[in-house]
Amino acid sequence: MPRVTAAAMEFRCRLGTATGEILDGTYTAETEAQLRRDLEQKGLCVLSMRRRGLSGLPALQPPRRRRVASREFIVFNQELAALLRAGMPLVQSLDIVRQRVENPGFKAVLDDVYERVRSGEALSTAFEAQGDLFPGVYTASVLAGEKSGGLEEVLRRYIAYARVISGVRRRTISALVYPGILLLLSLLVVAVIVLQVVPEFGDFYAGMGAELPLATRVLMGVSTTLRETWLAALAATAAVAGALWRWLALPGRRTLLDRLVLSAPAVGSLARKFATSQLARTLATLLGGGIPLVGALDVAARSIGNRHVAEQVAEVSREVREGRSLADSMTARGVFPPVAVRLVEVGESSGALRDMLNSAADFFDEEIETTLSRFMTLIEPVLLVVMGVVIAALLLALYWPMLQLGSVVQ
């Protein structure tokens, strides 16, 4: 009987050479694992690999899954690194750790990773097969650890990286929660006064037949207009929000929005510092794991939240690949703070680029924390004063006719 062979499949691959050059191309193989082995035997580093379907179109992908929580993923890597440090084989370590996970979605993912590793795939390949469920910096770091034989050390370096990034993000959100709640309560109090209290006073003053002050008449008119048109206003707001959402879904619109955020007066500086810190921390982590600078820049471009900065990092990667220094390319972009460029320049000239990148990330993390602390110190009393003034003005407009009436009676 003739031997039945599997049908050949096409894969879209991004490869890194030993000299740091990035290659994009389409390759044919029976399985993904076979193609990966063939490319690695040729000395190529597989940065990404996607299967292509009929007519050159990407193969259908399963429904998109939610990313694993940062804290849960950090705990998983801590346990895995501890088992590897104790000398336990990778397959047995994965088997132990996956059984301790309580989240059913995360456990299903780890079960698939475990089966892939047990069947002979590399750990980085198994995680990369999960799509965008895990950060690109993680799969690249694991790949570097597998190549260098220091997987446990790379995992601990990633844990430190994830903790710092998560801490900065958590402090940023915490600093914005209290002002947001205070502003929401202020708007709620104003809405109750305008929509519920003002109409009662309006009926009372209408029975008196007296001429009302201008401020009171304006407040009554605003209240009447809002009560009569609130449904139309709500529908218009929903329509504007839907149109804005569809506009943002168009190609390049989110990048434009991120670019506008960077140019905002107060928020732009904070967003620029956070993106620069994220870039520096990611590059330092990847360089410490043995990833070449060009490959590290490609991964960092995909891991930065601000899309405009990500596009600029991709341009920096292209220029560095062509032979330009990292500091000169960053200066030409005009996006990165001068302090970061200066530290990168010193790191390149002294051969301590990774240390300078870590220093730059620490510097901007401290700047972000200082800015947020100053913001909290100023915004709380400002919101309280504004809220008090607005509510006092509303109450004064309501009670002013009664005060006038009392003075006339006296």
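Residues numbered from 1 in each chain as written. Predicted model: local features only at pLDDT ≥ 70, side-chain atom pairs only at ≥ 80, totals over all residues. Heavy atoms only, no water.

Caption draft 1: How the structure looks around the overall build of the protein. Looking only at helices and strands, one finds 15 helices and three strands in the protein. In terms of C-alpha radius of gyration, the protein reaches 29 Å, well past the compact-globule figure of 22 Å for 410 residues. Burial status across the protein gives 37% buried among its 410 residues. Pairs at least 24 apart in sequence give 60% of the contacts found in the protein among residues at least 6 apart. (Helix = DSSP H or I, 4+ residues; strand = E, 2+ residues; numbered from the N terminus. Rg over C-alpha atoms; globule rule 2.2 N^0.38 Å. Buried < 20%, exposed > 50% of the residue type's maximum accessible area, 1.4 Å probe, protein only. Contact = heavy atoms within 4.5 Å.)

Caption draft 2: Representation of the packing of aromatic side chains within the structure. One pass over the structure, following the stated rule, counts 12 aromatic pairs. Aromatic pair F76 and F106: ring centres 5.8 Å apart, planes at 80 degrees, arrangement edge-to-face. On the criterion of sequence distance, the pair formed by F76 in helix α2 (residues 70–85) and F106 in helix α4 (residues 104–118) is long-range, its members being 30 residues apart. Across the pair, F106 and F76 agree in class, each one buried. Ring geometry for F106 versus F134: centroids 6.4 Å apart, planes at 55 degrees, classification tilted. Remark: F134 occurs in the loop between α5 (123–128) and α6 (136–148) and F106 occurs in helix α4; sequence separation between them is 28 residues. Across this residue pair, the class does not change: F106 and F134 are buried. By the ring-pair criterion, three or more aromatic residues cluster together here, those being F73, F76, F106, F127, F134, Y138 and Y158. (Phe/Tyr/Trp six-rings, centres within 6.5 Å; stacked < 30°, edge-to-face > 60°.)

Caption draft 3: Inspection of helix α1 (residues 32–41) at higher detail. All buried positions along α1 are accounted for by L35, R36 and L39. Projected down its long axis, α1 carries its buried residues within an arc of 100 degrees, all on one side. Backbone geometry just after α1 places G43 at a positive phi near 85 degrees. (Arc of directions from axis to C-beta.)

Caption draft 4: Seen up close, a nonpolar patch on the surface. Together, F204, L395, L396, Y399, W400, M402 and L403 line one region of the surface with nonpolar side chains, adding up to about 660 Å² of accessible area. No other element matches the six residues that helix α15 (residues 353–409) contributes to the nonpolar patch. Here F204 is to be found in helix α7 (residues 151–208). (Patch = residues over 30% accessible without salt bridge, like charges linked within 9 Å, V, L, I, M, F, W, Y side chains within 5 Å. Areas by Shrake-Rupley, 256 points an atom, 1.4 Å probe, with all protein chains shown as cover. Salt bridge = Lys/Arg side-chain N within 4 Å of Asp/Glu carboxyl O.)

Caption draft 5: Focus on the nonpolar core. Counting 67 residues, the largest nonpolar core has F76 and F336 as its most contacted members. Contacts of F76, omitting those with residues within four sequence positions, involve L94, V97, F106, L110, F127 and Y138. Ranked by size, the runner-up nonpolar core spans 12 residues in total, among them F201, L212, L219 and L394. (Core = buried A, V, L, I, M, F, W, Y, C linked by side-chain atoms within 4.5 Å.)

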